[in-house]
Amino acid sequence: MNKLFINEDEIMSQQAREVFRSFRSNIEFTGVDNRAIVITSCLPADGKSTVSLRLAMTFAESEKKTVLVDADMRRSVLMRRVRAEGDNTSVGLSHVLSGQKSVTEALYETNLKNLYVIPSGKFPTNSTELLGNSRFEELIIALKKTFDYVIVDTPPLGSVVDAAVAAKRCDGSVLVISEGKDSRKMAKSVLEQLKAANPNFLGVAMNNVEVRKNNYYYKRYYNYYSHDKSMKED
């Protein structure tokens, strides 16, 4: 199996670990059936790829075998956060969904115990159609037989519909919102699209929130958390 190495600057501080552990716990308490989770945002640079990676890392840390699926086949930034062993990471999700490669060929082990990655692969011109075909649903079903959690990083739903298409095939979704950047109107519109695709909406992750006492709190069915300003890139 090919191997990827998580860049050292992705290793979380203790404060960040506590935030994501709380986030992980709230997802776990939504039910044992919520194992394939779509992560999206309103706009680029809201931090959804950072949230996806660090949430996957946190599940893996808790002895849960976890795979991070990079379904942002339009402008993935995940590969900036890892480095490959050997040749490259050109084989990925787009090759699996187009029938060119097997899941095994696109699956990468990482240097972190219990954490695996399926990169986006080469960017196709028809990513929405690929996510909507039967192969993506079959992939999610197959991954759930092997992994405890499947975290699916998708493009911003405020820009393209890929996240909604993927959410139909997954168990639930999480919306990442950057405080002070995403308008209430846009966030409401994106939330409605997610819930229309799959009513099982798990919560909102608030990014770049300035708080003095509590880094995390829970209100209704929303998961709110804050983190340091390093979470700026999509």
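Predicted model, so just to flag it, every value in this text is computed and none were measured.

**Quick word on the environment of leucine 143**
Now for step 1: Inspection of the secondary structure assignment puts leucine 143 in helix 6 (residues 134–146).
Now for step 2: Given the relative accessible area of 3%, leucine 143 is considered buried.
Now for step 3: Through-space distance from the C-alpha of leucine 143 to that of threonine 66 is 9.4 Å; in sequence the pair is 77 residues apart.

**Concerning the environment of lysine 48**
Now for step 1: In this structure, lysine 48 sits in helix 2 (residues 48–61).
Now for step 2: Accessibility expressed as a relative area gives 0% for lysine 48, which makes it buried.
Now for step 3: For the pair lysine 48 and threonine 154, spaced 106 residues apart in sequence, the C-alpha to C-alpha distance is 8.3 Å.
Now for step 4: Here serine 49 takes part through its side chain, which lies 3.3 Å from a polar atom of the side chain of lysine 48.

**What to know about the side chain of threonine 66**
Now for step 1: With respect to the element layout, threonine 66 can be found in strand 3 (residues 66–70).
Now for step 2: On the basis of relative accessibility, which here comes to 0%, the residue threonine 66 falls in the buried class.
Now for step 3: Once residues lying within four places of it in the same chain are set aside, the contact partners of threonine 66 are Ala56, Phe59, Ala60, Asn114, Leu115, Tyr116, Phe147, Tyr149 and Ile151.

**So, the side chain of aspartate 162**
Now for step 1: Here aspartate 162 is to be found in helix 7 (residues 162–167).
Now for step 2: Here the side chain of aspartate 162 touches arginine 74 through a polar contact of 3.1 Å, side chain to side chain.
Now for step 3: Among the polar contacts made by the side chain of aspartate 162, one reaches the side chain of threonine 128 at a distance of 2.7 Å.
Now for step 4: Ignoring anything within four residues of it in the chain, the contact list for aspartate 162 reads Arg74, Ser127, Thr128, Leu131 and Pro155.

**Some points on the pattern of salt bridges**
Two side chains that carry opposite charge are able to pair once their charged atoms sit near each other.
Now for step 1: Following the criterion strictly, the structure yields eight salt bridges and no others.
Now for step 2: Salt-bridge contacts for lysine 48 lead to aspartate 72; the nearest nitrogen and oxygen are separated by 3.0 Å. Of the two residues, lysine 48 sits in helix 2 while aspartate 72 sits in the loop between strand 3 and strand 4 (82–84), which places them 24 residues apart along the sequence.
Now for step 3: For lysine 144, the salt bridge goes to aspartate 171, with nearest N and O atoms at 3.0 Å. Of this pair, lysine 144 sits in helix 6 while aspartate 171 is found in the loop between helix 7 and strand 8 (172–178), placing the two residues 27 residues apart along the sequence.
Now for step 4: Through salt bridges with shared partners, a single network forms among Arg17, Glu18, Arg21 and Glu61.

**Some remarks on the packing of aromatic side chains**
Each aromatic ring pair is described using two quantities: the centre-to-centre distance and the angle formed by the ring planes.
Now for step 1: This structure, assessed with the given rule, holds three aromatic pairs.
Now for step 2: Considering the side-chain rings of phenylalanine 59 and tyrosine 149, the 4.0 Å spacing of their centres and the 20° angle between planes classify their relative orientation as stacked. Taken together, the residues phenylalanine 59 in helix 2 and tyrosine 149 in strand 7 (residues 149–153) connect sequence positions 90 residues apart. For the pair shown, phenylalanine 59 and tyrosine 149 are each scored as buried.
Now for step 3: Note on tyrosine 116 and phenylalanine 147: the rings are 5.4 Å apart at their centroids and 65° apart in plane angle, and the pair reads as edge-to-face. One end of the pair, tyrosine 116, is in strand 6 (residues 115–118); the other, phenylalanine 147, is in the loop between helix 6 and strand 7, and 31 residues separate them in sequence. Each member of the pair, tyrosine 116 as well as phenylalanine 147, is classed as buried.
Now for step 4: The positively charged end of lysine 65 is found above the aromatic ring belonging to phenylalanine 147, 5.3 Å away from the centroid.

Cut-offs applied
- Residues numbered from 1 in each chain as written.
- Predicted model: local features only at pLDDT ≥ 70, side-chain atom pairs only at ≥ 80, totals over all residues.
- Heavy atoms only, no water.
- Helix = DSSP H or I, 4+ residues; strand = E, 2+ residues; numbered from the N terminus.
- Buried < 20%, exposed > 50% of the residue type's maximum accessible area, 1.4 Å probe, protein only.
- Polar contact = N/O pair within 3.5 Å; in protein donor to acceptor, adjacent residues only side chain to side chain.
- Contact = heavy atoms within 4.5 Å.
- Salt bridge = Lys/Arg side-chain N within 4 Å of Asp/Glu carboxyl O.
- Phe/Tyr/Trp six-rings, centres within 6.5 Å; stacked < 30°, edge-to-face > 60°.
- Lys NZ or Arg CZ within 6 Å of the ring centre and 35° of its normal.

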